[in-house]
Structure formats: C-alpha cells, structure tokens
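Architecture and fold: a report
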Amino acid sequence: MNSTFRVSICGGGIGGLMLAVVIGKYGTHPVDIFEAGPTITTFGAGIGLFGRTMDVMEDLGLYDEFIKLAVKPPQENTSSTFRKSDQRDGYHWFSVHLKHGQLMLHRKDVVDFLLQYLPASCKIHTSKKINSYEVDSETGKITLHFSDGDSSVTDVLVGADGIHSATRGTMYKKLASSIEDDESRKKLLKCIDPVWTGMLAYRNLVPIEKLLKAYPDLETPINVTLHMGKDKHIVTFPVSKGKLINVVIFHHNCGTFGSPFEGRWVTDVPEEEVLHLFEGWDIRAEALVKCVEKPSRWALHSLRPLPHYVDGAVALLGDAAHAMEPHFGAGAGQAMEDAYVLGRLLTHELTHLGNVADALKTYEEARLAFANSVVQRSHDVARYYSFSVPPEGSETVPFDGAPEELDYMRKAMVDAWEWQSEPGRVWDNAEQLWRAKHST
Ligand SMILES: Cc1cc2nc3c(=O)[nH]c(=O)nc-3n(C[C@H](O)[C@H](O)[C@H](O)COP(=O)(O)OP(=O)(O)OC[C@H]3O[C@@H](n4cnc5c(N)ncnc54)[C@H](O)[C@@H]3O)c2cc1C
C-alpha cells in the first residue's frame, strides 16, 4: 500500500503551518499549503500559550528554541492576575496558578518561527483562495477549486482556513445533501456560519515606554492581568521581550449571543469608542485604555460545536473546526494540538493511502469532544469575567459586589482555569486508539 500521499492544507495560519511542520518532522509526504492572502502573515497582536501547548512543542523537539521568543511570567507557575477594577480603588483580587505559567508572544513571532521549520517537501502557494472541493467517488481523489479558476488534485485535504472556512462550508453542504430528514439537514447546515457572541474586542499593542512615560507611577506589567468589572474587562500582557503591551478590551453585550452582527467584523475605530467605557475605573485600567491608539475592533464570533471534523479524506482543524471565544486564550493552542495529533496520524507507520480516512476518523475521535468542550467553557467563563452569572442558587443576576458573590465568582473562575494545567500529551491517547484499530 502507498504510504506516501499528497496532503493539501487550506490556510497558512498557525494551525496550517504547525501541521506542515509536524508532517515534515515525522514523514515525507508532499505537502501543499494554499493560502488566500498574498503572503503568509497574521492579524492580531499578542498570543498566550499554556503548558499543554508547550508539552507538544517539547515532543516536537522545538521547545528550547520556541521559548526564546516568549515573555515568561516572573514565577514559573503564576499565570494570571485578576483585579477588580470597576472602581477608583481597584484591587488585586486573586491569581491563577498554572503549570508552566503562560507564555506571552507576538503572533507574528509564532508564524515566523513555524515558517523556519517547514520541510523542503512543503510548497506554499499564496493568493490561492479555495472556494470548494469535490471528491471523485471512484478514485477518492479530491479536486480543489480556487477563486482564480485554477484547480489542484490531492489525496488528503485539511481545512485550516479559519472561522469562515470554505472547506467546512463544502463539507457540511455535502454531508447535509446525503440526509433525508429535514430537521437533521437544517441542523448540519446551521453549523456552517459562525454566530456573534454578543461581544466586541478592541485590540492594540501599546509600547511600554509610552505607558510608563504617561503614568510613571505604574509598575511595569510582567504577566497576564485581567481588569474586571460589570459588562467589561481588559486583558493585558507583555510581548516582544516586554517592549510592547498587548491590550485587549472586551465589551460584553449580554443577552445578545447568537444575534446577527451588522457591519464589518474587524475594523479600525477611533480611541473615543473605548475611552468613555472606563470612566471612574481603577487608574491602572484607565491608563491602559488612554494609551491605546486606533484600536482594531473585532466583533467576536464563534462556531456552534460541530458534530464532525472529518468526512472521508477531508479534515477540519483549528478555528475551521472549533472557533471559540478568546477568554482562555486557547484557540491557537487548540489548533496546535489538532495539528500535532493529525500530523502524527498522517505520518504513522500504520497509515497508508488505503486507510487514511480511518486515520482521520481517529483524529476526530481523539480531538472533537475535547476541543468542543473548550468552545463551551470559553463561552461560560466570559459570564464570570463580566459579572453576569447568577450567584449560586439564583436565577437572576443581581450582582452588586457583595462579598459572598465575589467569593462565589472567584472560586468559579479558579476552577474554570484548571483544564489549562492538565498535561498536553495529546498524542498518547490518539495513538492508542489508532493501534487498537489494527489489533483486531
Ligand atoms: C481577540 C482575540 C484574542 C485571542 N487570543 C488568543 C490567545 O491569547 N491564545 C490563543 O491560543 N488564541 C487566541 N486567539 C485565537 C486564535 O487567534 C485563533 O484560534 C487561531 O489564530 C486559529 O488559527 P487557525 O490557523 O486555525 O486559523 P487562522 O489564524 O484564522 O488562519 C486561517 C488561514 O487561512 C487562510 N484562509 C482563509 N480562508 C481561506 C481559503 N478559502 N483558502 C485559502 N486560505 C484561506 C487565512 O488567510 C489564514 O491565513 C484569540 C482570538 C481573538 C479574536
């Protein structure tokens, strides 16, 4: 059986690049990355990665080099500081301690790092936007159709094409077309489009020099800090060796989850749009907001948990499979876990062209339930950050900052973060599943 086959990756984001790196490390398959943009680059600013992802980088033998790009928290196991900030005398509320802490990176550094480790067998094709694909029912070959009229044939297709994934669109239309029951068909088609989470995020990188010049009494930010208050929170952490502070301002519009968002999802806005939101807040929070220049506003969308990540020799990965709210800073980490498991299965000694669809099914079995649970947890934790979760035993949200309410929310947030400390040896489970399928 042919153990070498062509893998096409749709999308050169963190997930797609990571998959190509893993395939190059463990195998020899020819890999094509088709990227819609004119270059391989990334939008957005800072990115936090946790112990689970570091375990994966360690398995790949890349940890020592990767860690050089990151700002690490001062204490190995302190990840995030949570402050109650919607009052002038804001205060340190609690900290969350996680194995390895949280690494803080510039997104561009992560992309540039992965580009360095692409194998020679990997070709990048830019300005190649995939519109759809079709599968030859006799040969199993997959034809990719691009928006410029070109096409390309492959054995395996991985949709790493982000939240708007054209691969997901084609896969779910195909799955739906084979279903007779109206309700089930509609349910599948509903999985294609992302939903607005009711939340706006304003992102910006603030030079540390600017912040300290304007507010010389502020301590230099050294780790992830959340400034929380009713309906709003700010996440900050240093990146680029501490020269820049990643500032993300979240404005929750509670109760609007799932409603349509009118307007552009990502757009630059004037500072005034955020300034007034934080009047009367703690001086540290106010200082950060006042230093933000022309933030980009993101209308945060996520996917409904998908019932399938795989159909035949086509798989979805990263945001294409499980775009989530960013409240655990987990989206890229989960994309990297997907890529690691999928890359190892594609290059496994037991995998060949004849059983590659089963290998992809094993990827789905190993990843879908977990990644979908992170989508749900990322949604739930936002309700704590915005103080919009009903206290224990109550149906309503009368939050008025009473000590017992604060205590309840503190415990809930600490518990919610625990999963990020679990070991990230994600491959062991998948390999056991794959080997077990061959022992019967
Ligand atoms: C405000 C905010 C903060 C975040 N913070 C964090 C964090 O701290 N930590 C973390 O882990 N995650 C974070 N995330 C999530 C993280 O950014 C994503 O989960 C991650 O980038 C997903 O990677 P991906 O490769 O799956 O998709 P993407 O990064 O979206 O890459 C998809 C690629 O596919 C290309 N593409 C799209 N369509 C096509 C097509 N039809 N044909 C060809 N190419 C195509 C795109 O141009 C792009 O290059 C955050 C997200 C937001 C919005």
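Below: a short report on this structure. Keep in mind that this is a model prediction, so the values were computed, not measured.

Examining the pattern of salt bridges
Evaluated as defined, the whole model comprises 25 salt bridges. In this structure, aspartate 32 and arginine 6 form a salt bridge, with 2.6 Å as the shortest nitrogen-oxygen distance. Of this pair, aspartate 32 sits in strand S2 (residues 31-34) while arginine 6 sits in the segment before strand S1 (7-10), and the two are 26 residues apart along the sequence. Classification of aspartate 32 by relative accessible area gives buried; the value is 7%. Note that arginine 185 and aspartate 182 form a salt bridge whose closest N and O atoms lie 2.3 Å from each other. In this pair, arginine 185 and aspartate 182 are both assigned in helix H6 (residues 182-189), three residues apart and thus about one turn of the helix distant. Overlapping salt bridges bring together Arg52, Glu337, Asp338 and Arg367 as one network.

Describing unusual backbone geometry
Positive phi is not limited to glycine here, since serine 240 has a value of about 50°. The topology assignment puts serine 240 in the loop between strand S14 (232-239) and strand S15 (244-252). What makes serine 240 buried here is its relative accessible area of 17%. Positive phi is not limited to glycine here, since lysine 294 has a value of about 35°. Relative to the helices and strands, lysine 294 resides in the loop between helix H9 (283-291) and strand S17 (296-302).

Overview of the nonpolar core
Core analysis: the largest hydrophobic core is formed by 80 residues, its most contacted members being Val7, Met18, Met57, Tyr172, Leu342, Leu346 and Tyr363. What leucine 346 contacts, discounting residues up to four positions off in sequence, is Phe5, Val7, Ile23, His29, Val156, Thr351, Val356 and Leu360. Formed by 37 residues, the second largest nonpolar core is a distinct cluster that contains Phe82, Val224, Phe250 and Tyr384.

What to know about the sheet that holds strand S11 (residues 156-159)
Taken in spatial order, the six strands of this open sheet run S7-S2-S1-S11-S19-S18, and their pairing is mixed. At either margin of the open sheet sits one strand with a lone partner, and together these are strand S7 (122-125) and strand S18 (310-311). Relative to strand S19 (residues 314-316), S11 runs parallel, the two being bridged by three bridges. For leucine 157, the partnering residue across the bridge sits in S19 and is valine 314. Packing of helix H5 (residues 166-177) onto the sheet brings it into contact with S1, S11, S18 and S19, and relative to S19 it is tilted by some 120°.

Things to note about the side chain of serine 152
Position of serine 152 relative to the elements: it lies in strand S10 (residues 151-154). We classify serine 152 as buried; its relative accessible area is 19%. Setting aside its immediate chain neighbours within four residues, serine 152 contacts Phe34, Ile142, Thr143, Leu144 and Phe146.

Digging into the packing of aromatic side chains
Applying the stated criterion across every chain, the model contains 14 aromatic pairs. Summarising the aromatic geometry, the rings of tryptophan 93 and phenylalanine 94 are spaced 5.3 Å apart at their centres and angled 75° between planes, so their arrangement reads as edge-to-face. For the pair shown, tryptophan 93 and phenylalanine 94 are each scored as buried. Taking 5.0 Å as the distance between ring centres and 80° as the angle between the ring planes, the aromatic pair formed by phenylalanine 328 and tryptophan 417 counts as edge-to-face.

Describing the packing of helix H11 (residues 331-346) against helix H12 (residues 356-385)
Across the interface, H11 lies against H12 with an axial gap of 9 Å and an inter-helix angle of 160°. Relative to H12, H11 is oriented roughly antiparallel. Relative to H12, the crossing made by H11 is right-handed. In contact with Gln334, Glu337, Asp338, Val341, Leu342, Leu345 and Leu346 of H11, H12 contributes Val356, Ala359, Leu360, Thr362, Tyr363, Ala366, Arg367, Phe370, Ala371 and Val374. Looking at the contact of H11 with H12 residue by residue, the class counts come to 12 nonpolar, two polar and three charged.

Reading guide: rules and limits
- Residue indices follow the written sequence of each chain, beginning from 1 at its first position.
- Only residues with pLDDT of at least 70 get local features here, since the model is predicted, and only at 80 or more are side-chain atom pairs given and counted; chain-wide, interface and lining totals rely on the full set of residues.
- Hydrogen atoms and water are omitted, and side-chain values are computed over all heavy atoms in the structure.
- Salt bridge criterion: a side-chain nitrogen from Lys or Arg within 4 Å of a carboxyl oxygen from Asp or Glu.
- Each helix corresponds to a stretch of at least 4 residues labelled H or I by DSSP, and each strand to a stretch of at least 2 residues labelled E; elements are numbered beginning at the N terminus.
- Exposure categories follow from relative accessible area, calculated using a 1.4 Å probe and restricted to protein chains: below 20% of the type maximum is buried, above 50% is exposed, and the middle band is partly exposed.
- By convention a nonpolar core is built from buried Ala, Val, Leu, Ile, Met, Phe, Trp, Tyr and Cys residues, the set being connected through side-chain atoms within 4.5 Å.
- Any two residues whose heavy atoms approach within 4.5 Å are treated as being in contact.
- By the convention used here, strands pair only if DSSP detects at least 2 bridges between them.
- Under this scheme, a helix contributes an axis fitted over its contacting stretch, all axes are lines through C-alpha atoms, and angles between N-to-C directions fall in the 0 to 180 degree range.
- Here a Phe, Tyr or Trp ring, Trp counted by its six-membered ring, pairs with any other such ring whose centre lies within 6.5 Å, and the pair is stacked when the planes are under 30 degrees apart, edge-to-face when over 60, and tilted otherwise.
- Throughout this description, any angle smaller than 35 degrees is read as roughly parallel, any larger than 145 degrees as roughly antiparallel, any in the 65 to 115 degree range as roughly perpendicular, and the remainder as oblique.
- With the far helix as reference, a near helix turned anticlockwise by less than a right angle produces a left-handed crossing, and one turned clockwise produces a right-handed crossing.
- Residue type decides the class: Asp, Glu, Lys and Arg count as charged, Ala, Val, Leu, Ile, Met, Phe, Trp, Tyr, Cys and Pro as nonpolar, and the leftover types, Gly among them, as polar.

Shape is all these values report; function is a separate question.
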